[in-house]
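Structural characterization, general
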Amino acid sequence: MQKSGSNLCKYGLMLVLLVAFLLRMQPVMNAPILQNEGILLTIAAELNSGKLLYRDLFWEQMPALPVALAPLFKAFSGHTLWVSRVVSVFISMLSICMVFRLATELAARSQLVLARYRPVAGLIAAALLAFSPVAIVWSRHSNPEQVGLLFSLASIYYVVYGESNRHWLLWATAGLFTGLAMLFSYAAILPILALGLFGAYQLARYRDWYLLRGMLAFGTGAALTLIPVFIVIGASHVTGDFLQLFSTLNLRMDPAQRLTTNLEAAAEWLILWPVIIPGIAMLFRKQNERNALRFILFVWLGLEVGFLFLHKNIDFGLADFSVLLLPITVLLPILAGGGCALLFSQSSKRGQKMRWVPLTLLVLIGLALPMEHLAQQVEAVSLVQPNRLEEQQIGAILNSLSSPTEPILVLGNAGFHIESDRSVTGRFFHLPDNLGTSLLRYTADSELVAAVSHQRPELLLISDSYKERISPIVHEKIAESWAPMMRFDYAYQGGATLYLPQDYVSPIANRIEVNHKFENEIGLIEYAIVSLTPDAILVETHWESLEKADESYWVDIDLLNKNQQVVGQTAFHPLISSRLNGDTVSNVQIIAVEHREQVHELHLQLMGEKTGKQIELLDGMGRFLSLPVTP
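Residues numbered from 1 in each chain as written. Predicted model: local features only at pLDDT ≥ 70, side-chain atom pairs only at ≥ 80, totals over all residues. Heavy atoms only, no water.

A closer look at the overall build of the protein
The cut-off we apply is this: Only DSSP runs of H or I with at least four residues qualify as helices, and only runs of E with at least two residues qualify as strands; both kinds are numbered from the N terminus onward. Residue burial is assigned from relative accessible area. The probe radius is 1.4 Å, only protein chains are included, and a residue is buried under 20% of its type maximum, exposed over 50%, and partly exposed in between.
Counting its secondary structure elements, the protein contains 22 helices and 14 strands. In the protein, which comprises 631 residues, the proportion classed as buried is 54%.

Printed below as a string of C-alpha cells:
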C-alpha cells in the first residue's frame with residue numbers, strides 16, 4: 001500500500017511537471033524583455049567579442065550567469081532570447097523537483113508523519129510552486145536570482161544529508177553548491193547565513209565536534225568554487241571595478257517606511273494560498289527529534305521576510321520587484337507540504353477517517369484559489385510592465401532608420417536594442433543607479449562623451465529614467481550634435497526620446513519628392529511610407545526650415561482611405577526643432593493601421609509645442625493638401 005501511494009505521488013509529480021512546463025513555455029517568447037534581463041543578455045553576447053566584465057561592461061551582479069550564457073549564445077548564434085529563456089524554464093523545472101525532494105525529506109525526518117504521507121508532502125509542495133503566478137512569471141525571464149536559489153536549495157539538501165550521514169564529502173558538495181549560488185546571485189548570502197546559524201546552534205547545543213569537521217569541509221568546498229573565479233577577476237585587472245560596483249549594491253533599504261501597507265499586501269498574498277497557513281502552523285508543533293532541515297528552512301524564511309520588509313521597493317503583485325518574493329514562494333510550499341503531511345498523519349492516527357474530507361478540501365481549495373489569478377497571468381504572459389509590443393515597434397523604428405552594420409547607442413532598457421537586433425557602442429547601454437557615487441563615474445563620463453561626439457553611432461535612444469544618470473557635460477555634448485526627433489510614451493522607464501544626428505541621412509529608399517510649405521516657415525521636401533508589421537507602418541518626412549521658426553512643432557499625421565476616412569493616426573511624437581534655421585531634418589513615426597492596403601493618402605498638420613498653434617499643408621493656391629501614398 002505504501003509503495004503504491006509512493007508511485008501514485010511520483011506519477012502526480014510527472015503530471016505537475018508537465019503542466020508547469022506548458023504554463024511556462026507556451027507564451028515564453030511573448031513576454032517582454034525586462035531591463036535587467038536585457039542588460040544580462042547583452043553582456044553575455046558582448047563577452048564573446050572579448051570584452052571583460054566590470055572593466056568593459058557595467059554589471060552590478062555576480063559574474064556567473066552572463067559567463068555561463070556566453071558560450072550558449074555563441075553555439076546558437078541569432079537565438080539569444082530563445083536560448084536564455086529555455087534555460088530559465090529548465091532551471092524553474094529543476095527547482096520544482098528540488099522542492100518536491102526537500103518537502104518529502106522534511107516529512108521523512110519527522111517522527112509524527114506516517115511513511116505513506118511523506119511523498120504527499122512533496123507533491124503538495126511541488127504543486128504549490130508549479131502553479132504560483134510569481135514563480136511562473138519569473139521563470140520566463142533570465143535572472144540570476146532563480147539560478148542562485150536552485151543552488152541554495154541543493155546546498156541545504158547536502159548539508160542535511162551530511163549532518164545525518166556524518167560524511168565530509170556531502171558537506172564539501174554542499175559547499176560547492178553554496179559557492180555556485182553566491183557566484184550567480186549575492187542574494188544567496190541569506191541561505192548561507194541560515195546555514196551558519198544552524199552550525200553555530202548545533203555546536204552550542206549538542207557539542208557535536210564532528211559537525212565542526214563537516215563545516216570545515218563545507219568551507220573548503222565553497223572556497224574551491226569561489227577562489228578560482230576571483231583569481232581570474234584579479235588577473236584580468238578588473239578587481240577595482242568589481243569591488244566598487246559590488247560594494248555599492250543598490251539594495252534600496254528603507255526600514256519600516258511602508259510597514260502597514262506592506263503587511264496588508266502580504267496578507268492578501270497569503271490569502272491566495274490558505275493551505276500554507278495551517279500547514280506551517282502544524283510544523284511549529286513541538287517534536288522530539290533533531291530536525292536540521294526544519295531549523296534551516298525556518299531560519300532562512302525568517303531572514304527572507306526580514307529582508308523583504310526592509311526593502312524599499314517590495315512588491316507583492318507582479319511588477320519588477322516581485323522577484324524578491326521568489327525565495328519565499330519556494331520556502332513556503334516546502335513547509336506547507338510538510339505541515340499538510342503532518343495533518344494527514346495525525347488524523348489517521350486517531351482513527352477519524354472522516355477528517356480526511358475537510359483536510360483534502362483544504363488542500364484542494366489551497367490549490368484552486370490562485371487559479372483565477374494564475375489564469376489572468378497566463379493570458380497576460382508578462383509582468384505589468386513593460387509592453388513587449390511597444391519594444392518591438394521601437395526596435396523596428398531603429399532598424400528602419402539605421403543600416404544593419406552600424407551600431408546604435410541605447411541608454412535605457414536594453415530590450416530596445418535587442419529587438420532591433422543590433423550591437424551597442426561600448427558599455428554604455430546600461431548606466432547603473434549607483435554610478436553617480438562610483439569611482440567609475442569619471443571613466444564613464446569621458447568614454448560616453450567620446451561615444452556621442454567623436455565615435456558617434458547612427459542613432460541615440462535615451463529613456464527618461466536614465467537622463468538623471470547622465471552628467472551635465474554629457475548632456476551638453478548631446479545637445480551640440482544631436483536633435484530630438486521622436487518621443488515614445490514608454491511607461492516602463494518614464495518614456496524615451498530618439499535622437500538623430502543633426503546631419504542625419506536616412507537609409508530609407510523610394511521617397512516621394514515634393515515641394516510644399518507650411519505658412520512660409522517650414523517646407524516639406526519628401527516623404528516615405530514603409531510597412532513594418534501587418535498592423536503598423538512607418539512614415540518618414542523630410543523637412544527644411546525656410547526661415548527661423550518661432551517655436552518647435554509636433555508632426556501630426558492622419559492616414560486616409562479612398563473615401564477620405566481616417567484609418568490610422570499618429571501614435572508617437574516626432575519633433576521639428578526651433579533651432580533649425582535654413583537647415584533640413586528628417587522625422588519618423590509609427591502609425592497603427594489594420595490593413596496597409598487601405599492607406600491612400602497622408603494628411604499632415606503641425607502643432608506648436610508650446611502655443612498649440614496648428615498649421616496645415618497648403619498648395620500653391622493656398623488650398624489644403626493631402627499627400628498620395630504609392631502601393
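So, next bit.
Section: the packing of helix α4 (residues 80-108) against helix α14 (residues 292-310)
Rules: Axis definition: a line fit to C-alpha positions, over the contact stretch in the case of helices; interaxial angles, taken between N-to-C directions, run 0 to 180 degrees. For classification, angles of less than 35 degrees are called roughly parallel, those exceeding 145 degrees roughly antiparallel, those between 65 and 115 degrees roughly perpendicular, and all remaining angles oblique. Contact criterion: two residues are considered in contact whenever any of their non-hydrogen atoms come within 4.5 Å of each other. In the scheme used here, Gly and all other residues not listed as nonpolar or charged are polar, with Ala, Val, Leu, Ile, Met, Phe, Trp, Tyr, Cys and Pro taken as nonpolar and Asp, Glu, Lys and Arg as charged.
Two numbers describe how α4 lies on α14: the axes approach to 8 Å, and their chain directions differ by 125°. Taken together, the axis directions place α4 and α14 in an arrangement best described as oblique. Across the interface between the two elements, Leu-102, Glu-105 and Leu-106 from α4 touch Leu-293, Arg-294 and Leu-297 from α14. A class-by-class count of the residues in the contact of α4 with α14 yields four nonpolar, no polar and two charged.

Regarding unusual backbone geometry
In this model, His-237 sits at a positive phi of 60°, which is unusual for a non-glycine residue. Residue position: His-237 is located in the loop between α10 (209-235) and α11 (239-247). On the basis of relative accessibility, which here comes to 71%, the residue His-237 falls in the exposed class. A positive phi is found at Gln-564, a non-glycine position, where the angle reads about 65°. Turning to its location among the elements, Gln-564 is positioned in the loop between β8 (553-560) and β9 (566-569). Residue Gln-564 is classed as partly exposed on the basis of its relative accessible area, which comes to 46%.

With respect to the nonpolar core
Inside soluble globular proteins, nonpolar side chains tend to come together where they are buried. So the rule is basically this: What is meant by a nonpolar core is a set of buried Ala, Val, Leu, Ile, Met, Phe, Trp, Tyr and Cys residues, joined one to another through side-chain atoms within 4.5 Å.
In this structure, Ile-334, Ile-397 and Leu-498 are the most contacted members of the largest nonpolar core, which totals 155 residues. Residues in contact with Leu-498, not counting those within four places in the same chain, are Ile-397, Leu-398, Leu-401, Leu-459, Leu-460, Leu-461, Ala-483, Pro-484, Met-485, Met-486, Phe-488 and Val-588. Membership of the second largest hydrophobic core comes to 23 residues, among which are Leu-559, Val-593, Leu-604 and Ile-615.

A closer look at the pairing of strand β12 (residues 601-608)
For the record, the criterion: Here, any two strands with at least 2 DSSP bridges between them count as paired.
For β12, the buried fraction is high: six of the eight residues fall into the buried class. Strand direction decides the pairing type here: β8 and β12, joined by eight bridges, are antiparallel. Paired with Leu-559 across the strands is Leu-602, a residue of β12. Taken together, the two bridges between β12 and strand β14 (residues 627-628) define a ladder with antiparallel strand orientation. Counterpart to Leu-602 in the pairing with β14 is Leu-627. In the sheet, β12 pairs with strand β13 (residues 614-616) via three bridges, with the strands oriented antiparallel. Residue pairing in the sheet places Met-607 in a bridge with Gln-614 of β13. Hairpin geometry of β12 and β13 is characterised by an intervening segment of five residues between the two adjacent antiparallel strands and by a positive phi of about 75° at Gly-612.

Notes on the environment of Ile-33
Here Ile-33 lies in the loop between α1 (2-25) and α2 (35-47). Here the alpha-carbon distance between Ile-33 and Arg-140, two residues 107 residues apart in the chain, equals 9.8 Å.

Let's talk about the pattern of salt bridges
Pairing is possible between side chains that carry opposite charge, provided their charged atoms lie close to one another. To keep it simple, the criterion reads: When a carboxyl oxygen of Asp or Glu is within 4 Å of a side-chain nitrogen of Lys or Arg, the pair counts as a salt bridge.
Inspection of every chain in the model, using the stated rule, returns six salt bridges. The closest approach of N and O atoms between Glu-37 and Arg-85, which form a salt bridge, is 3.0 Å. Here the residue Glu-37 occupies a position in helix α2, and Arg-85 occupies one in helix α4, the gap between them amounting to 48 residues. Here Arg-85 falls in the buried class, since its relative accessible area comes to 0%.

With respect to a nonpolar patch on the surface
Counted only if it meets this: Patch rule: a residue counts if its relative accessible area is over 30% and it has no salt bridge; like charges are joined within 9 Å, and nonpolar side chains (Val, Leu, Ile, Met, Phe, Trp, Tyr) within 5 Å. For every accessible area listed, the method is Shrake-Rupley and the probe measures 1.4 Å; residues are considered covered only by the protein chains on display.
There is a patch of nonpolar side chains on the surface, built from Leu-15, Leu-18, Val-19, Phe-21 and Leu-22 and spanning about 450 Å² of accessible area. Following the sequence through the fold, Leu-18 ends up in helix α1. Accessibility expressed as a relative area gives 48% for Leu-18, which makes it partly exposed.

Considering the packing of aromatic side chains
The following threshold applies: Centres within 6.5 Å are what make two rings of Phe, Tyr or Trp a pair, Trp counting through its six-membered ring; a difference in plane orientation under 30 degrees is then read as stacked, over 60 as edge-to-face, and the rest as tilted.
Within the structure shown, the criterion is met by seven aromatic pairs. When the centroid spacing of 5.6 Å and the interplanar angle of 90° are considered together, the rings of Tyr-157 and Tyr-158 count as edge-to-face. For Tyr-157, a relative accessible area of 16% translates into the label buried. Residue Tyr-158 is classed as partly exposed on the basis of its relative accessible area, which comes to 26%.

Observations regarding helix α13 (residues 276-283)
Inclusion rule: Comment: arc refers to directions from the helix axis out to C-beta atoms.
Those residues of α13 that sit buried are Ile-276, Gly-279, Ile-280, Met-282 and Leu-283. Along the axis of α13, the buried residues cluster in a sector spanning 155°; they form a single face.

Quick look at helix α5 (residues 118-130)
Because an α-helix completes one turn every 3.6 residues, residues spaced three or four positions apart along the sequence face the same direction. Selection criterion: The span expected for a helix works out to 1.5 Å for each residue beyond the first.
The end-to-end C-alpha separation of α5 is 19 Å, in line with the 18 Å expected for 13 residues at 1.5 Å each. Of all the 13 residues making up α5, ten are buried; the element is thus mostly covered by neighbouring parts of the structure. By the burial criterion, the buried members of α5 are Pro-119, Ala-121, Gly-122, Ile-124, Ala-125, Ala-126, Ala-127, Leu-128, Leu-129 and Ala-130.

Comments concerning the confidence of the model for the protein
Any residue range with low pLDDT should be treated as having predicted coordinates unsuitable for detailed reading. The condition is simple: Summary of the metric used: pLDDT quantifies the predictor's per-residue confidence within the range 0 to 100.
In this model, the protein carries a mean pLDDT of 78, and residues with pLDDT of at least 70 account for 77%. Ranking the helices and strands of the protein by mean pLDDT puts helix α8 (residues 168-184) first, with 93, and helix α17 (residues 371-380) last, with 51.

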